[in-house]
Amino acid sequence: MLTVVWAWWAWKQGAYFGTVELPGTVVLCAGTVLLAWVAPLRGRLAASPPVRVALGGLVALGLWSLLSAIWSPAPDVAITDAQRVLTYGLAFGFGICLCNLLGARMSLAIVPIAVAGGAIALATTVTLLTGHDVKSYLE
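The notes below deal with the structure included here. (Residues numbered from 1 in each chain as written. Predicted model: local features only at pLDDT ≥ 70, side-chain atom pairs only at ≥ 80, totals over all residues. Heavy atoms only, no water.)

Points about helix α1 (residues 2-11)
Of the positions making up α1, those classed as buried are Leu2, Val5, Trp6, Ala7 and Trp9. Where α1 is buried, its residues contact α2 (18-38), α4 (75-102) and α5 (111-130). Two residues or fewer after α1 comes Gln13, characterised by a positive phi angle close to 55°. (Buried < 20%, exposed > 50% of the residue type's maximum accessible area, 1.4 Å probe, protein only. Helix = DSSP H or I, 4+ residues; strand = E, 2+ residues; numbered from the N terminus. Contact = heavy atoms within 4.5 Å.)

Pasting the structure below:
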């Protein structure tokens, strides 16, 4: 599930536009709820101080972006940016929960991103090698 979301986001312009990001965010939210409901927590979920700062910073930035919609001349852009940043925070928190679940094998939590990156690299290479309009790829 995660591999498909990461690969789709990477293939579709980095999920910059809402029509790509929001369905992936829904899948990520569903996966987070499923993980929290089904997976057992191994002991305390104690993250290191840098991890806490990073997660707290992402959440704070997302909330600040959301709050800035009040005084922004373009509140829809502020809300879109807040959704994007909070999605990054959700993905980061999901990764922390996966690391906690995997315990000593926590390095396996990076596998979905690595597989998605490899698949997109291969697809991009094939597209570049077989494409006819190279100028459109190098905007």
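Re the pattern of salt bridges
One side chain can pair with another of opposite charge once the charged atoms of both are near each other. Using the criterion set out here, one finds two salt bridges in the structure. Across the pair Arg84 and Glu21 runs a salt bridge, and its minimum N-O distance is 4.0 Å. Residue Arg84 is found in helix α4, and its partner Glu21 is found in helix α2; the two are separated by 63 residues along the sequence. Neither Arg84 nor Glu21 differs from the other in exposure class; each is buried. The shortest N-O distance in the salt bridge between Asp81 and Arg84 comes to 3.3 Å. Placement of the pair is Asp81 and Arg84 together in helix α4, with a separation of three residues, close to one helical turn. (Salt bridge = Lys/Arg side-chain N within 4 Å of Asp/Glu carboxyl O.)

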